[in-house]
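Listed below are the residues making up each chain.
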Amino acid sequence: MFLPKYPDSPTPPPAHTHTPTETAPVQRSSVSIDQKTVAALVVGGVVLTALLAAVAVTAISVAVAAVVLRSMLRDHHRR
């Protein structure tokens, strides 16, 4: 009986071969934070918080003034 000969199917080579390279040593830069930097950040935070509070108070006072003016004009038109 005759059997057909099948060629051996070796595994194909990988598409990308990784060649290891020498890695440079990692240099970590040290960031020094002195007291002046901390003080500047704290002062900046306080100033920004104060500005935000001033904007909020101004918005509330404008809203209250608008409600008062609206009620006064409504009463004026009813007379």
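Here the structure is shown first, and the text comes after it.
Positions within a chain are numbered from 1, following the residues in the order the chain's sequence is written. In keeping with the model being predicted, local features are shown solely for residues with a pLDDT of at least 70 and side-chain atom pairs are shown and tallied solely at 80 or more, while totals for entire chains, interfaces and linings include all residues. Computation of side-chain values covers all heavy atoms of the structure but excludes hydrogens and water.

Asker: Can you walk me through the overall build of the protein in this structure?
Answerer: A count of helical and extended segments in the protein gives one helix and zero strands. When the 79 residues of the protein are sorted by exposure, 0% land in the buried category. Secondary structure elements follow DSSP: runs of H or I no shorter than four residues count as helices, runs of E no shorter than two count as strands, and numbering proceeds from the N terminus. Relative accessibility decides the category of a residue: with a 1.4 Å probe and only protein chains considered, values under 20% of the type maximum give buried, values over 50% give exposed, and everything between is partly exposed.

Asker: Would you mind showing me how to read the environment of Ser-71 here?
Answerer: Among the secondary structure elements, Ser-71 is positioned in helix H1 (residues 35-78). Since its relative accessible area comes to 34%, Ser-71 is described here as partly exposed.

Asker: Sorry, what's going on with a nonpolar patch on the surface here?
Answerer: A cluster of nonpolar side chains, namely Val-31, Ile-33, Val-38, Val-42 and Val-46, defines an oily patch on the protein surface of about 500 Å² accessible area. Here Val-42 lies in helix H1. Like-charged residues within 9 Å of one another, or nonpolar side chains (Val, Leu, Ile, Met, Phe, Trp, Tyr) within 5 Å, are grouped into patches, provided each residue has over 30% relative accessible area and no salt bridge. Only the protein chains shown count as cover for residues, with accessible areas throughout obtained via the Shrake-Rupley method and a probe of 1.4 Å. Criterion for a salt bridge: a side-chain nitrogen of Lys or Arg within 4 Å of a carboxyl oxygen of Asp or Glu.

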